[in-house]
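# Results of the structural survey
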Amino acid sequence: MPRGGIMLLLRLINWLRGYVICEITGFFLEKFINMVTLKGIIVWGIRKKGKNSFKMCIRIKDFKKLRHPAKSTGIRIRIKKKKGFPFLLHKYRKRKGVFAGFIAFLAIIFVMSGYIWSIDISGNEAISDEKILNVLNESGFKIGIFTLKCNLKETKEDILTKLPELSWIAINIKGSKAVVEVKERIMPPEIISKDTPCNIIAKRDGIIIRADVFQGVSNVEPGYAVAKGSLLVSGVLDSTAVGFRLVHAEANVYGKTKYVLRAECARSYAEKVPTGNVFFRRTLQLFNFDIKLYIKDSIPYTLYDKMDYKQELKVGNDVYLPIVIKTEKFAQLEEITTELSEDEAKKRAEDIINELEKKELSGKDIQARELSFKLKNDVVYAECIYECVEDIGEEALIENE
Amino acid sequence: MARVRPSKSNKIKKQKVQKINKLEQILELPAILIENMPHIEMSGNREFIIEGSRGILEYDENLVKISAGKFAVTVFGRDLELKNLTDDSCIVTGNIDNVSFGV
């Protein structure tokens, strides 16, 4: 039933407007109350007090209207208690300091929320936050600037010209926090254009399996062993009929290559495991000053994992206040030594190699793999030799001699 | 034996009431809409709300008598308090023992 809430709201309104608890004494109390209510005055909390007296509540505004009905019914009214905000205000009206302080508080909040207190940068991957911040500072957009003063459009253009790596920037001011979103330009890879003469050289050691030459003179035959950097397809054409000329060599040269991946796994190794004990340290950051909320600087654990949290105080959704509570969380760690059997260690080493294979040999056609283990000083060494087939050609500019 | 006939004015009044009752039955309307009846609501034995009252006739810790036009409602109980009072509604709170209707 929502009436409970409505009653509470009514009480709050009554308190804000102020009301009087008064005692009425006389003989025709019911008649008096009827007269009062007929005037449209709301009365509440009527309770019998003595033989001929009631206690009741009435709003300040309506109190003066009681005089006429009281006189005509011969009833005496006495104020018992004054309640509500107007009376409170009246009581403290001479304490100007309180009012001044309150107004100053509001003014400070209002003015301070007009400044930028923090800058958040998101969307950057290759460029560091500091670099963008520095450029922002150079263009005049820094922490402590008044929000209305800064020309965002100009700043944006300025930054985009100063940082060509960025393709797009947006500065959103949310209260006292500036959120800078950037998008990095994807730089085109350096491609040797089709007109530029070039050779094709080997990027890895290998044995040639097949060479499909579209343009240029093949320097290798299937079965040839080549070293890294050796010429596969030449871009220099030299014929007796036409003479000497340079072309852009184009070819797919497939070669058999060898890869070796190694991994090791000790039979006894120490692992750090959280014990569940946690220790917090809090710091209050007011503007740019840090206030420690702890006494002891020392951390009770020798082995620990540290995590930082930041909680920014804000009013509503967008107005960030220059107050930040920083929490450092220390989780105690414990070293647990695990003993593995030889087979388990081998299994573990193999798993590591499989992981590595996925990472390093992706996109290559693996023809054969050979796994071998070696045990030395209680450490299992695993070695895996791969035979792959891949395109080993790489374009290289012809250097003029 | 001479029959006692009802007087004419009484008869008309009776017919009128009957008509209203019939209309009520046909339309199945609550009585408050047609006649000037108060609306009464109670929450257990703690709260008694009346809308459409015509003023307080008597108030005491153990008894509240409220005029409702054609009749009066009397609430008996202990520690009775008039929680909210306007010209046409009233809330009585306390331990209500008995509610009676009478002229």
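Here's a quick rundown of the structure. Sequence positions are assigned chain by chain, starting from 1 and proceeding in written order. Written order decides the labels, with chains lettered from A and ligands numbered from 1. Note on the predicted model: pLDDT of at least 70 is required for a residue's local features to be given, and 80 or more for side-chain atom pairs to be given and counted; whole-chain, interface and lining totals, by contrast, use all residues. Here the side-chain values reflect all heavy atoms present in the structure, with hydrogen atoms and water set aside.

## A short note on the pattern of salt bridges
A pairing counts as a salt bridge when a side-chain nitrogen of Lys or Arg comes within 4 Å of a carboxyl oxygen of Asp or Glu. All told, the structure shown has 17 salt bridges over all chains when counted by the stated rule. In this structure, A:Arg47 and B:Glu81 form a salt bridge, with 2.7 Å as the shortest nitrogen-oxygen distance. Linking A:Arg47 in strand E2 (residues 43-48) with B:Glu81 in strand E5 (residues 72-85), this pair reaches from one chain into another. Here the salt bridges do not stand alone but share partners, grouping A:Glu138, A:Asp158 and A:Lys162 into one network. Where helices and strands are cited, they refer to DSSP runs of H or I of at least four residues and of E of at least two residues respectively, numbered from the N terminus.

## Re the sheet that holds strand E17 (residues 289-292) of chain A
Residues and elements named next belong to chain A. Note on pairing: two strands pair once DSSP finds at least 2 bridges between them. One open sheet accounts for four strands, arranged E17-E16-E19-E18; its pairing is antiparallel. With partners counted over all chains shown, the strands left at the sheet margins are E17 and strand E18 (304-315), one partner each. Adjacent strand axes in the sheet meet at a mean angle of 35 degrees when their direction is disregarded. Direction of pairing for strand E16 (residues 268-286) relative to strand E19 (residues 319-339): antiparallel, over a ladder of 16 bridges. Opposite valine 278, over in E19, you have alanine 331 as the bridge partner. Note on method: axes are straight lines fitted to C-alpha atoms, helices fitted across the in-contact stretch only, with angles between N-to-C directions ranging 0 to 180 degrees.

## Topic: a positive patch on the surface
Only residues whose relative accessible area exceeds 30% and that form no salt bridge enter a patch; like-charged residues are grouped when within 9 Å of one another, and nonpolar side chains (Val, Leu, Ile, Met, Phe, Trp, Tyr) when within 5 Å. Accessible surface area values rest on a Shrake-Rupley calculation with a 1.4 Å probe, where residue burial reflects the displayed protein chains alone. Charge counting follows a simple rule: Lys and Arg are positive, Asp and Glu are negative, and His as well as the terminal groups are ignored. All charge positions are set by atom: Lys at NZ, Arg at CZ, Asp at CG, Glu at CD. Among the surface-exposed residues, A:Arg11, A:Lys81, A:Lys83 and B:Lys83 lie close enough to one another that they form a single positively charged patch. By the element assignment, A:Arg11 lies in helix H1 (residues 3-17). A:Arg11 gets classed as exposed once you look at its relative accessible area, which sits at 62%. Using a 1.4 Å probe on the protein chains alone, a residue whose accessible area is under 20% of its type maximum counts as buried, one over 50% counts as exposed, and one in between counts as partly exposed.

## Observations concerning helix H2 (residues 29-38) of chain A
All names here are of chain A. Taken across its 10 residues, H2 has seven buried, putting it largely inside the fold. Within H2, burial applies to Leu29, Glu30, Phe32, Ile33, Asn34, Val36 and Thr37. The positive-phi residue at the C-terminal boundary of H2 is glycine 40, with phi of around 90 degrees.

## Details of the interface of chain B and chain A
Across the boundary between the two partners, chain B contributes 18 residues, which contact 17 residues of chain A. Among the residues chain B hides against chain A, the three largest losses belong to B:Tyr59, B:Glu81 and B:Leu85. Together they make up 35% of the total. Along the contact surface separating chain B from chain A lie one salt bridge. Elements with a contribution of two residues or more to the side of chain B that touches chain A: strand E2 (47-51), strand E3 (56-59) and E5 of chain B. Here the side of chain B that touches chain A gets six residues from one element, more than from any other, and that element is E5(B). A per-class count over the side of chain B that touches chain A returns seven nonpolar, three polar and eight charged. In this sheet, E5(B) lies alongside E2(A) in antiparallel orientation, the contact comprising three bridges. Bridge pairing in E5(B) links A:Ile46 to B:Leu82. A contact between two residues is defined here by any heavy atoms of the two lying within 4.5 Å. Two parts placed together each lose some accessible area under a 1.4 Å probe, and adding up what both lose gives the buried area. Under the convention adopted here, Pro, Cys and the residues Ala, Val, Leu, Ile, Met, Phe, Trp and Tyr are nonpolar, Asp, Glu, Lys and Arg are charged, and Gly plus all remaining residues are polar.

Shape is all these values report; function is a separate question.
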